[in-house]
Amino acid sequence: MLYLNAENISKSFRISSHKVEVLKSVSLSVEKGEWVALLGSSGSGKTTLLDILGTISRPDAGTLSISGTDVLALSQRETVAFRRKKIGFVFQAYHMLPELNICENVMLPAMLDGMAKKEAREKALSLLERVGLAHRLKHRANELSGGEQQRAAIARSLMNSPELLLADEPTGNLDSVTGGGILEIFQELHADACVTILMVTHDKFVAGLADRIVELKDGMLVQK
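Residues numbered from 1 in each chain as written. Predicted model: local features only at pLDDT ≥ 70, side-chain atom pairs only at ≥ 80, totals over all residues. Heavy atoms only, no water.

A. Structural context of the packing of helix H3 (residues 102–112) against helix H4 (residues 117–130). Where H3 meets H4, the closest approach of the two axes is 9 Å, and the angle between their N-to-C directions is 125°. Taken as axis vectors, H3 and H4 run oblique relative to one another. For the pair H3 and H4, the crossing hand works out as right-handed. On H4, the residues touching Ile102, Cys103, Val106, Met107, Ala110 and Met111 of H3 are Lys117, Ala120, Arg121, Ala124, Leu125 and Leu128. Per-class residue counts for the contact of H3 with H4 are 10 nonpolar, no polar and 2 charged. (Axes fitted to C-alpha atoms, helices over the stretch in contact; angles between N-to-C directions. Helix = DSSP H or I, 4+ residues; strand = E, 2+ residues; numbered from the N terminus. Parallel < 35°, antiparallel > 145°, perpendicular 65-115°, else oblique. Left-handed = near helix turned anticlockwise from the far one by under 90°. Contact = heavy atoms within 4.5 Å. Nonpolar A, V, L, I, M, F, W, Y, C, P; charged D, E, K, R; others polar.)

Structural data, given as structure tokens:
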């Protein structure tokens, strides 16, 4: 069943007097529960495309449907609500709030969505246990390794039970052993739950774990 459908997505930026076309009529369809890897060299537009598919930014042209909803037709408030309920994000930078401990960081998305504190804490504890961080609940981000922060970020991305998980180079800052542990979590998520995954990477080995690989070259999408 088709879950995400982007058609003729274009995006450009103006740098001084020059217009730079980052995405040129990109079209991508993703089935529900599919894991798609998006390859591309630095500057190819991978992150720009991911931001558009995640409703963080808007394209200059094109259409985008997620779970049957025309997301580009939503108001700003409706877009924020849709994103919070449907989409989880895992970034290369972990974006942990330093004033909160790890459990509180993971609870935050659910609390913002109106979940009761007790229920949010119970769910956060369950997710942190799942990613192997049950012993680190009260630690702050600066007390955790990069791999531990990334695992916490994955737990946080799952707090609102998203249907779509977007990951931008989730192993890019990690050593091979730690990165391998992160990839195992993604494989488990893919096997255990009907979560649709779109992962940006430059690593062909990482991409090979996905169901399908697409590649951005010069702002255009190439099916592998």
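B. Main features of the environment of glutamate 215. Relative to the helices and strands, glutamate 215 resides in strand S9 (residues 212–217). Looking at glutamate 215, the relative accessible area reads 15%, which means it is buried. In this structure, the C-alpha to C-alpha distance between glutamate 215 and threonine 201, residues 14 residues apart in sequence, is 9.7 Å. (Buried < 20%, exposed > 50% of the residue type's maximum accessible area, 1.4 Å probe, protein only.)

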